[in-house]
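Structural characterization, general
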Amino acid sequence: MLRDAGRRLSFIDVAGSPHEVGAALGRFGRAALHDHFRTSAAWRELNARRADPRIGAMATIVRGRFPRYWAELQGLAVGLELAFDDVFLWNCRGDIWAMAPDGCTTVQLPGSPHVIGHNEDGDPDFAGHCALARVTSEGGNEFTAFVYPGSLPGHTFAATSAGLVQTVNNTRPLAGGAGAPRMVLARAVLDAADLDAALALLESVPRAGAFHLTLAQAGDERLLSVEFTAQALSVDRVEAARVHSNHLIHADTGRMSQIVTGSSGVRQRRGEALLDHTPQSNPQSRALGILWDAADPELPIYRTDPADSDVENTLASAVFRVGADKVEWAVYDAAYEAARFDMRDGLVPVAG
């Protein structure tokens, strides 16, 4: 699939205090999010849930437990030129609405190095309006992450100056809770010193919503698959090749009541089948072969249909190589084309 130049993924540098970082990200996403708020069914759905009492509880927890991210959200509202309550609600979308349009597929290939492949599936309205952002926020790790207009960084895919890699998949359990918003928790992981600190964070804080995280770190032998909900935290060490599309599949969390859309179910089954029929000699090519598969004409893994049944399209693909001393990765904004960004030094794209 060729993508016109106006829909290419951009790269931005953002630095300063948490409030300044949020404001800069807000200015980047202002036009796209204003247009989205005016026209999208997603915003209408969220607006109808504005009275949910969990929103106030989430705000209290973020303000008290995560003041740096509270300041980022305040700055985001300033940069977006939107009311703070609207921006906070938008960043709690998956906590109070199970069908928020966020999908994703991840390929987990343990080895030396570990290889993690990820399709970032989101609202088609945001195609051409997203970026890789290198973020230097005072008091936290430097990191580079895929960012959406109007959203905190962290709930997509990212690598940090601590050598930690995180990819995130939406999940849709039917039971939520009154805790920290899942997007704030994913943002906090990017400031973790190591995998153990990331897991301790997720365990220590009450959780409102649910995500699946793939976590790895340069110099750490573990490749981790993490599913968290308001009620449970499940951590699996990945010892053999796996695929994870956006629903709960661990032995414990997978028994919870949840929504598994047609696309999510088909992508999981197709990805698992492809693991058995793709060459293992080149893990990066193996990951991309799965991520870019479109053999199912109605419910492909690589999603480009504007009328997608979940209102999600693949906006970027990333492949990470997490080794003993470094992280190398590449980001693609179209299938079967050269990488848009080659992140050989971890956080900054290498030209050429």
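Conventions used here
- Residues numbered from 1 in each chain as written.
- Predicted model: local features only at pLDDT ≥ 70, side-chain atom pairs only at ≥ 80, totals over all residues.
- Heavy atoms only, no water.
- Pairing = 2+ DSSP bridges.
- Helix = DSSP H or I, 4+ residues; strand = E, 2+ residues; numbered from the N terminus.
- Axes fitted to C-alpha atoms, helices over the stretch in contact; angles between N-to-C directions.
- Contact = heavy atoms within 4.5 Å.
- Buried < 20%, exposed > 50% of the residue type's maximum accessible area, 1.4 Å probe, protein only.
- Polar contact = N/O pair within 3.5 Å; in protein donor to acceptor, adjacent residues only side chain to side chain.
- Parallel < 35°, antiparallel > 145°, perpendicular 65-115°, else oblique.
- Left-handed = near helix turned anticlockwise from the far one by under 90°.
- Core = buried A, V, L, I, M, F, W, Y, C linked by side-chain atoms within 4.5 Å.
- pLDDT = per-residue confidence, 0-100.
- Salt bridge = Lys/Arg side-chain N within 4 Å of Asp/Glu carboxyl O.

A short note on the sheet that holds strand S8 (residues 211-217)
Pairing between the strands of a sheet is mediated by backbone hydrogen bonds and can be parallel or antiparallel. Spatially, S1-S4-S5-S6-S7-S8-S9-S10 is the arrangement adopted by the eight strands of the open sheet, whose pairing is mixed. Two strands in the sheet have a free side with no partner beyond their single neighbour: strand S1 (10-16) and strand S10 (233-237). On average, each strand axis in the sheet is inclined to that of its neighbour by 20 degrees, with strand direction left out of account. Pairing analysis gives three bridges linking strand S5 (residues 142-147) to strand S6 (residues 157-160), with the strands arranged antiparallel. Bridge pairing links Ala145 to Ala158 in S6. Lying on the sheet, helix H7 (residues 182-189) is in contact with strand S4 (131-137), S5, strand S7 (164-170), S8 and strand S9 (223-228); it crosses S8 at an angle near 0 degrees.

Description of the sheet that holds strand S12 (residues 313-322)
Spatially, six strands are ordered S11-S2-S3-S12-S13-S14 in an open sheet, and the strand pairing comes out antiparallel. Of all the strands in the sheet, the pair left with one neighbour each is strand S11 (242-245) and strand S14 (341-343). Put simply, the sheet's adjacent strands are angled 10 degrees from each other on average, direction ignored. Summarising the sheet, strand S2 (residues 105-109) and strand S3 (residues 114-122) pair through five bridges and their orientation is antiparallel. Of the residues in S3, the one forming a bridge with Leu109 is Val115. Contacting S2, S3 and S11, helix H9 (residues 262-275) crosses the sheet at an angle of about 170 degrees to S11.

Re the side chain of Ser317
The topology assignment puts Ser317 in strand S12. Assessed through its relative accessible area of 1%, Ser317 is described here as buried. A polar contact is formed between the side chain of Ser317 and the side chain of Asn119, at a distance of 2.6 Å. In this structure the side chain of Ser317 is engaged in a polar contact, spanning 3.2 Å, whose partner is the side chain of Trp292. Excluding anything up to four places from it in sequence, Ser317 contacts His118, Asn119, Leu291, Trp292, Tyr302, Ala330, Val331 and Tyr332.

Section: the packing of helix H4 (residues 67-80) against H7
Viewed as axis vectors pointing N to C, H4 and H7 meet at an angle of 115 degrees, and their least axial separation amounts to 11 Å. The angle between the axes of H4 and H7 places the two elements in the roughly perpendicular class. H7 is crossed by H4, and the crossing has right-handed handedness. Contact residues: H4 offers Arg68, Tyr69 and Glu72, while H7 offers Val184, Arg187 and Ala188.

Some remarks on helix H10 (residues 283-291)
Every buried residue belonging to H10 is among Arg286, Ala287, Leu288, Ile290 and Leu291, and all of these are buried. Contacts from the buried residues of H10 go to S2, S3, S11, H9, S12 and strand S13 (327-332). At the N-terminal end of H10, a side-chain oxygen is found 3.2 Å from the backbone nitrogen of Gln284, two or three residues along, and the residue is Asn282.

Remarks on the nonpolar core
In this structure, Phe66, Leu215 and Phe320 are the most contacted members of the largest nonpolar core, which totals 87 residues. Leave out the neighbours within four places in its chain, and Phe320 touches His114, Val115, Ile116, Phe157, Ala158, Ala159, Val165, Thr167, Val327, Glu328 and Trp329. If you look at the next biggest cluster of nonpolar residues, it comprises 17 residues, including Val115, Leu275, Val319 and Tyr332.

Describing H7
Among the eight residues of H7, eight are classified as buried, and the element is accordingly described as predominantly covered. Where H7 is concerned, the buried positions are Arg182, Met183, Val184, Leu185, Ala186, Arg187, Ala188 and Val189.

Some details on the confidence of the model for the chain
Low pLDDT means the predicted coordinates in that region are not meant to be read closely. For the chain, per-residue confidence averages 94 on the pLDDT scale, and residues scoring 70 or more make up 98% of the total. Throughout residues 1-5 the model reports pLDDT below 50, and contacts reaching past four residues in sequence, or to other chains, amount to 13 contacts.

Here we look at the pattern of salt bridges
Following the criterion strictly, the structure yields 26 salt bridges and no others. Measuring nitrogen to oxygen at the nearest pair gives 3.5 Å for the salt bridge that ties Arg242 to Asp236. Among the residues examined, Asp236 registers a relative accessible area of 24% and is labelled partly exposed. Beyond isolated ion pairs, a larger network of salt bridges with shared partners links Asp121, Arg172, Arg303, Asp308, Asp310 and Glu312.

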